[in-house]
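Understanding the architecture of this molecule
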Amino acid sequence: MSHFSIAGLQLDLKPGNNLDKIAKEVRFTKAVYPWVDMVLLSELCVYGPDKANAQAIPGEASEFFAALARETGLYLVAGSIFAKDGDDILNLTLVYSPEGKEIARYAKMYPFEPYEAGITPGQAFCIFDIEDVGRFGVSICYDMWFPETTRALTWLGAEVILHPTMTGTLDRDAELSIARASAITNQVYFFDIYGAGSIGNGRSVVISPEGNVIHQAGSGREIIPVKIDLNHLRETREKGLMNLGQPLKSFRDHWR
């Protein structure tokens, strides 16, 4: 299967517990777009950016998302939460299968200080496979400002980068440039999904492996369902952007 559909949810959220609203929006997405295979939420969408709301895993959030994935039959990339890990707090993304099984987890490698002071950086890249579809990589927000993160995920085989994001800062135009450059130089689909409302500025973006903007959201609530074609991605990697640049092949061949 070369076609796969991902819906990014740019939701109007507030600090505090957003589980009920998230459940309503995921169910709405499944009802209106029954062809969607995966839902991707934004960074810190569940409880907001207050470290006082850090959760134990397993716990309320993990049980909630497992049940919601199972109920809707969707792959669910659950944005992120602040999660307790012993004495540490991580910015953690959890990924669930349509059967409600956790299939991946990722701790943000580059917490954005001073806003995330005291958050322990993750130490491992995150990829996961969907049988007969392809390989997916996960990064969070500030991670993409370090091109080595996306390149490492790509070199590990990722064809789609799932990138939950949240910030209320003024640098969104720069981030949009980074998202597009990341897609072009790594020949990946790049899903950069933002929060909206009082915990984010919106303007989510989905980029093709040629660097084309498939969709850029406004500042409010949006459901962004996109069907991707992984055979097209593989052809782009083989033949190059506009049948020209082949950065992954050139990078590989240089180090042989």
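The paragraphs below set out a description of the structure included in this document.

A tally of regular secondary structure across the chain gives six helices and 15 strands. Relative to the compact-globule value of 18 Å for 256 residues, the chain shows a C-alpha radius of gyration of 17 Å, a close match. Principal-axis analysis of the C-alpha atoms gives the chain an extent of 50 × 40 × 30 Å. In the chain, the proportion of contacts linking residues at least 24 apart, taken out of those at least 6 apart, comes to 68%.

A few words now on the packing of helix α3 (residues 147-155) against helix α6 (residues 247-254). Running from N to C, α3 and α6 point in directions that differ by 85 degrees, and their axes come no closer than 12 Å. Between α3 and α6, the crossing angle belongs to the class labelled roughly perpendicular. Listed contacts from α6 to Arg151, Thr154 and Trp155 of α3 are Leu248, Phe251 and Arg252. Partitioning the contact of α3 with α6 into residue classes produces three nonpolar, one polar and two charged.

Taken as a whole and judged by the stated rule, the model has 12 salt bridges. A salt bridge links glutamate 71 to arginine 27, with the nearest nitrogen and oxygen atoms 2.8 Å apart. Of this pair, glutamate 71 sits in helix α2 (residues 60-72) while arginine 27 sits in helix α1 (residues 19-32), and the two are 44 residues apart along the sequence. With a relative accessible area of 49%, glutamate 71 lands in the partly exposed category. When the shortest N-O distance is used, the salt bridge between glutamate 238 and lysine 249 registers 3.5 Å. Of this pair, glutamate 238 sits in helix α5 (residues 230-239) while lysine 249 is found in helix α6, placing the two residues 11 residues apart along the sequence. Put simply, Glu43, Lys108 and Glu116 are held in one network by salt bridges that share partners.

The rules behind each value
- Residues numbered from 1 in each chain as written.
- Predicted model: local features only at pLDDT ≥ 70, side-chain atom pairs only at ≥ 80, totals over all residues.
- Heavy atoms only, no water.
- Helix = DSSP H or I, 4+ residues; strand = E, 2+ residues; numbered from the N terminus.
- Rg over C-alpha atoms; globule rule 2.2 N^0.38 Å.
- Contact = heavy atoms within 4.5 Å.
- Axes fitted to C-alpha atoms, helices over the stretch in contact; angles between N-to-C directions.
- Parallel < 35°, antiparallel > 145°, perpendicular 65-115°, else oblique.
- Nonpolar A, V, L, I, M, F, W, Y, C, P; charged D, E, K, R; others polar.
- Salt bridge = Lys/Arg side-chain N within 4 Å of Asp/Glu carboxyl O.
- Buried < 20%, exposed > 50% of the residue type's maximum accessible area, 1.4 Å probe, protein only.

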